[in-house]
Amino acid sequence: MYVAVKGGEKAIRNAHKLMARDRRGDTSVPSLSLKQVSEQLYLSVSRVMAEGSLYDAELAALGIKQSRGDLIEAAFLMRAYRTTLPRFGYSKPIGTAKMLIRRRISATYKDLPGGQLLGPTFDYTQRLLDFKLAADGEAPTPEVQEFEKEEVVPRVTDLLNEEGLIEPDESIAPDAPVGDITREPLTFPADRDLRLQNLARGDEGFLLALGYSTQRGFGRTHPFAGEIRLGEVEVDFFMEELGFEVPLGTMTVTECQMINQFQGSASAPPQFTRGYGLVPGQGERKVMAMALVDRSLRAEELGEEIDSPTQDQEFVLSHSDNVQATGFVEHLKLPHYVDFQSELELIRKVRKEWQEKREAAEQELIAEAAQ
Amino acid sequence: MTASSLKEQSPEIAARQSAMGILAKASAQDLAETWKNLGLEPNYTVIRPAEIGFVMVRGRAGGTGAPFNMCEATVTRCVIALDDGTTGFGQALGRDKQKVLQAALVDALWQQPEHRDLIETKVLQPLATTQEQAENETRAEVAATKVDFFTMVRGE
C-alpha cells in the first residue's frame, strides 16, 4: 500500500523554479513561440495530439514547450486539460474518401485512379544530415502542376471490393452504440470500436514494436500497405438546438488501409483481410503500426490461432497507453518510505530466521563430527 | 427525421450549412477582416456566451465501417440574437471566441432577407474564394509530386 508523505513545499517550489530556468535554457537565445513549434515541429505536435487524444495544434505546441520536448509529458498535459472543459458531444464520422489529399500512396497498385501522390515525405531521402538547413533553413518554393479536381478519390480497398477479393467493411445499424473508453473502463473481450479508440491514442513506439513483431513472425499477417493518405477532412456536428448538422471546419488526419493475407473457410471463399489506422495530424508510422496491430487483434474474429503477444487483446490494450504506463512506472520514484520500511522489517526478520536455522544446522554438524 | 433528409428537404438549411462551413473554415484573421469591411454594427444580445469545449471526433473502421471515437477536438461555440429576435450560431474547431462571435453575427444577418445579399458578396464569397484558392494551390503542389514508378523486369 502506498502511504503519502507531506511537507517539502519549499524544496518542491524551488525545484520547479529551477526546472523552469533550465527549460528556458540560454537566455541570449530567443524563447520559442508556440507558432514556431506548431509550424516547424508539426510531427511532434501530431504525436502529442494523437497520444494526448486531443486535436489542437496550439495546445500541443504549448505542451511540448512546457515539457521541454518530452512528448509523453506533453500528451499527459493534453489529457489533463481535457478534463477541465465540457464535452459538447460526438461528431458525425469523418469521411476520409472526401479528403483534400496532400499525400496518397499505395504499395499494392502502381496505376491507381487518382494516382500516387508522394506529397511532403521523408521517403526516398538519403537520411543525410543537412548542414544547409542548419545554416539558413529557408524554404524552397514547391513546384506546381495542373490537376484534375476530384471530390472523391476512390480507395484501393474499394477497387478490390468490386471484385469481391477483399472483405468489405462490416455494416452495422446507424444507431448502434459506439463504445467510448473515456467514459467506460475497458473490459475484455473489447469490440473493434473500443480497440481502435485505444490504438488511436496508444503509444507510437509500443505499437511500432508490436507491428514489427507481427512482420517478424509473431502472429504473421502478411501485410501490404494498401493505401496511406494524409490530408484535411471536414468535421460535422449535429446541433440539437438547430436540428441539423453544422460544419466545424477541417482537421488534418492520416489514414492507413493495410491489406493482409487471405483466408477462407468452408463457407467463405479466400479473400484479403484488412487492418485500419487513423490518427489526428500527420502520423504515418503510427497509422501503419496501428493498422498492423488492429489486424492482429482481429485474430479471434477471423478464427486464427492466438499465440503471439500482438494477438492478445488484454496484453496490447492494457499496455498501449503511455500516459497510464508512465504514471505507473514513474510513480516508483515518489517517496515509498513506509512501504519500504515494512519491507525492511520483513527482510530483517526473514534473514534472522534464516541465520538462526543455519547456525542451528552448523551446531548440529559440529556435534555430529564430535561424536 | 435525420439530419440528411432534412438537408434534402430544405435548400435553406443546406445554404445556411454551407455558409456556416465557410465561416468555420475561415482563419480568425480573414473573418475579422471581412467583418470589418462589411461595416455593419448590429445590436445584439448574447444568448450563449462563447464557450470552449470538446467534440469527440469519430472515424469509421476501414473508412466505411462501424464508427469509433478517434480523439477529441477543441471547439468554441456561441449564440447571439439580433434585435428582431433572429438567432445566430457560431461554432468552429479551435479556441477563438472572437471568431465564433463574428461567425454567429454573420449567421444571424444572413438569415435576414435584407442583409443576405450583402453577407454573401462581402463576407462569404471573399472567404470562399480565399479557401478555394488555398485548396487549389495545395492540389497543384501535390499534383507535382504525382509519381509513375516503372516495374523492373527481373534479370535485367
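Visitor: Residue-level account of the overall build of chain B, with values.
Guide: A count of helices and strands for chain B gives five helices and four strands. Here the C-alpha atoms of chain B give a radius of gyration of 20 Å, more than 25% beyond the 15 Å that 2.2 N^0.38 yields for 156 residues. If you line up chain B on its principal axes, its C-alpha atoms span 80 × 35 × 35 Å. The buried share of chain B, taken over its 156 residues, is 51%. If you take every contact in chain B between residues at least 6 apart in sequence, the share linking residues at least 24 apart comes to 53%. One way to put it: in chain B the 16 positive side-chain charges average out to a point 7 Å from where the 20 negative ones average out.

Visitor: So what's going on with the interface of chain B and chain A? Which residues, and what values?
Guide: Across the boundary between the two partners, chain B contributes 56 residues, which contact 74 residues of chain A. Taken over both partners, the interface formed by chain B and chain A buries close to 6100 Å², and the fraction arising from carbon and sulfur atoms is 65%. Looking at the side of chain B facing chain A, the largest losses of area belong to Phe54, Arg58 and Met70 of chain B, adding up to 12% of the total buried there. Scanning the region where chain B abuts chain A turns up six salt bridges.

Visitor: Would you mind going over helix 1 (residues 9-24) of chain A in detail, with residue names and values included?
Guide: Owing to its 3.6 residues per turn, the α-helix aligns residues three or four sequence positions apart on the same side. Relative to the 22 Å expected for 16 residues at 1.5 Å per residue, helix 1 of chain A spans 23 Å between its end C-alpha atoms, a close match to the ideal helical length. At the exit of helix 1 of chain A stands Gly25 of chain A, carrying a positive phi of roughly 65 degrees.

Visitor: Now, about the packing of helix 2 (residues 11-25) of chain B against helix 4 (residues 97-111) of chain B: what can you tell me, with residues and values included?
Guide: Residues and elements named next belong to chain B. Here helix 2 crosses helix 4 at 155 degrees, and the two axes come no closer than 10 Å. As judged from the angle between their axes, helix 2 and helix 4 are roughly antiparallel. Here helix 2 and helix 4 pass one another in a crossing that is right-handed. Residues Glu12, Ala15, Arg16, Ala19, Met20, Leu23, Ala24 and Lys25 of helix 2 lie in contact with helix 4, whose contacting residues are Lys99, Ala103, Val106, Asp107, Trp110 and Gln111. Taken together, the residues of the contact of helix 2 with helix 4 sort by class into eight nonpolar, one polar and five charged.

Visitor: Which residues make up a nonpolar patch on the surface, and what values do they have?
Guide: A contiguous nonpolar surface patch, about 320 Å² in accessible area, is contributed by Val5, Tyr337 and Val338 of chain A. We classify Val5 of chain A as partly exposed; its relative accessible area is 46%.

Visitor: Just give me the short version of the pattern of salt bridges, but keep the residues and values in it.
Guide: Enumeration over the complete set of coordinates arrives at 32 salt bridges over all chains. A salt bridge links Arg95 of chain B to Asp56 of chain A; the nearest nitrogen and oxygen atoms lie 2.7 Å apart. Within this pair, whereas Arg95 of chain B is found in the loop between strand 3 (87-93) and helix 4, its partner Asp56 of chain A is found in the loop between strand 1 (54-55) and helix 4 (57-66), the two belonging to separate chains. Accessibility expressed as a relative area gives 26% for Arg95 of chain B, which makes it partly exposed. Note that Asp107 of chain B and Arg16 of chain B form a salt bridge whose closest N and O atoms lie 2.8 Å from each other. Of this pair, Asp107 of chain B sits in helix 4 while Arg16 of chain B sits in helix 2, and the two are 91 residues apart along the sequence. Across the pair, exposure class does not vary: Asp107 of chain B and Arg16 of chain B are buried alike.

Visitor: Kindly report on the nonpolar core, identifying the contributing residues and their values.
Guide: General note: in soluble globular proteins, nonpolar side chains tend to be found buried as a group. In this structure, Ile94, Leu199, Leu248, Met251 and Val253 of chain A together with Met70 of chain B are the most contacted members of the largest nonpolar core, which totals 72 residues. Both domains that furnish three or more residues to this core are identified here as domain 1 (9-82) and domain 2 (96-327) of chain A. When neighbours within four sequence positions are excluded, Leu199 of chain A is seen to be in contact with Leu207, Lys286, Met290, Val293, Asp294, Leu297, Val316 and Leu317 of chain A. Residues Ala26, Leu31, Ala103 and Leu109 of chain B belong to the second largest nonpolar core, which totals 25 residues.

Procedures and definitions
- Throughout this description, residue numbers start from 1 for each chain and increase along the sequence as written.
- Key to labels: chains lettered from A, ligands numbered from 1, both in the order written.
- For this predicted model, a pLDDT threshold of at least 70 governs which residues receive local features, and a threshold of 80 or more governs which side-chain atom pairs are given and counted, while totals over whole chains, interfaces and linings are taken from all residues.
- Values reported for side chains reflect all heavy atoms of the structure, with hydrogen atoms and water molecules removed beforehand.
- Secondary structure follows DSSP: runs of H or I at least 4 residues long count as helices, runs of E at least 2 residues long count as strands, and numbering of each begins at the N terminus.
- Computation of the radius of gyration draws on C-alpha atoms, with the globule rule given as 2.2 Å multiplied by the number of residues to the power 0.38.
- Exposure categories follow from relative accessible area, calculated using a 1.4 Å probe and restricted to protein chains: below 20% of the type maximum is buried, above 50% is exposed, and the middle band is partly exposed.
- Contacts: residue pairs with any heavy atoms within 4.5 Å of one another.
- Counted as positive: Lys and Arg. Counted as negative: Asp and Glu. His and the chain ends are not counted at all.
- Think of each charge as sitting on NZ of Lys, CZ of Arg, CG of Asp or CD of Glu.
- Accessible-area loss on putting two parts together, using a 1.4 Å probe and summing over both, is the definition of buried area adopted here.
- Salt bridge, as used here: a side-chain nitrogen of Lys or Arg that lies within 4 Å of a carboxyl oxygen of Asp or Glu.
- Multiplying one less than the number of residues by 1.5 Å gives the expected span of a helix.
- Throughout, an axis means a line fitted to C-alpha atoms (over the contacting stretch in the case of helices), and angles, computed between N-to-C directions, take values from 0 to 180 degrees.
- Any angle that is under 35 degrees is reported as roughly parallel, and any over 145 degrees as roughly antiparallel; angles of 65 to 115 degrees are reported as roughly perpendicular and all others as oblique.
- The handedness criterion is simple: a crossing whose near helix is rotated anticlockwise from the far helix by less than a right angle is left-handed, and one whose near helix is rotated clockwise is right-handed.
- Three classes are used: nonpolar for Ala, Val, Leu, Ile, Met, Phe, Trp, Tyr, Cys and Pro, charged for Asp, Glu, Lys and Arg, and polar for all others, with Gly counted as polar.
- Think of a patch as exposed residues, more than 30% relative accessible area, with no salt bridge, where like charges cluster within 9 Å and nonpolar side chains (Val, Leu, Ile, Met, Phe, Trp, Tyr) cluster within 5 Å.
- The protein chains shown are the only cover counted for residues, whose accessible areas, like all others here, come from Shrake-Rupley with a 1.4 Å probe.
- Each nonpolar core is a collection of buried residues, namely Ala, Val, Leu, Ile, Met, Phe, Trp, Tyr and Cys, held together in the definition by side-chain atoms within 4.5 Å.
- Here the bounds of each domain stem from an automatic or database domain assignment.

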